[in-house]
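# Fold and geometry: a report
Given next are the chains, with one letter for each unit.
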Amino acid sequence: MAITEERIKELMAKDVSTKTLLVDASNLEETKRQHEKDGWRLVKETELNGKYKITFQKVK
């Protein structure tokens, strides 16, 4: 992964919060949309046995 100026700012930030959720496929898009609206950024999405493990990050 290339280190960009944005990524460097994230790494140097003092207050970084992460949140990982396990959701059904039916709730996936709504959950992503709601969290992005609240200022969270989707960092990783993985499918596990029909459910999705999604990780969000918020830099303050």
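Residues numbered from 1 in each chain as written. Predicted model: local features only at pLDDT ≥ 70, side-chain atom pairs only at ≥ 80, totals over all residues. Heavy atoms only, no water.

### Topic: the pattern of salt bridges
The tally for this structure, following the rule as stated, stands at four salt bridges. One salt bridge connects glutamate 29 with lysine 32, and the closest N-O pair in it is separated by 3.4 Å. With glutamate 29 and lysine 32 both in helix α2 (residues 25-37) and three residues apart, this pair spans about one turn of that helix. A salt bridge links glutamate 45 to lysine 32, with the nearest nitrogen and oxygen atoms 3.1 Å apart. Separated by 13 residues along the polypeptide, glutamate 45 in strand β2 (residues 41-48) and lysine 32 in helix α2 bring together distant segments of the chain. (Salt bridge = Lys/Arg side-chain N within 4 Å of Asp/Glu carboxyl O. Helix = DSSP H or I, 4+ residues; strand = E, 2+ residues; numbered from the N terminus.)

### As for the environment of leucine 42
Inspection of the secondary structure assignment puts leucine 42 in strand β2. Along the chain, leucine 42 and lysine 19 lie 23 residues apart, while their C-alpha atoms are 9.6 Å from each other. Among all residues touching leucine 42, those that are not within four sequence positions of it are Lys32, Glu36, Ile54, Thr55 and Phe56. (Contact = heavy atoms within 4.5 Å.)

### Observations concerning unusual backbone geometry
The backbone phi angle of asparagine 49 is positive, close to 50°, even though this residue is not glycine. Considering the arrangement of structural elements, one finds asparagine 49 in the loop between β2 and β3 (51-59). According to the relative accessible area criterion, asparagine 49 is exposed, its value standing at 83%. (Buried < 20%, exposed > 50% of the residue type's maximum accessible area, 1.4 Å probe, protein only.)

### Describing the pairing of β2
With seven bridges joining them, β2 and β3 adopt antiparallel strand pairing. Across the sheet, the residue bridging to leucine 48 is lysine 51, located in β3. Once β2 ends, the chain turns through two residues before running back antiparallel as β3, passing asparagine 49 with a positive phi of about 50°. (Pairing = 2+ DSSP bridges.)

### Some points on the environment of glycine 50
Mapped onto the elements, glycine 50 comes out in the loop between β2 and β3. The exposure class of glycine 50 is partly exposed, given its relative accessible area of 42%. Through-space distance from the C-alpha of glycine 50 to that of leucine 22 is 10 Å; in sequence the pair is 28 residues apart.

### Observations regarding the sheet that holds β3
The three strands are arranged β1-β3-β2 in an open sheet whose pairing can be described as antiparallel. Unpaired on one side and paired on the other, β1 (16-24) and β2 mark the two borders of the sheet. Between one strand and the next, the sheet's axes are offset by a mean angle of 15°, whatever the strand orientation. By the bridge criterion, nine bridges tie β1 to β3 in an arrangement that is antiparallel. Each bridged residue has a counterpart across the sheet, and for aspartate 24 the counterpart in β3 is lysine 51. Contacting β1, β2 and β3, α2 crosses the sheet at an angle of about 160° to β1. (Axes fitted to C-alpha atoms, helices over the stretch in contact; angles between N-to-C directions.)

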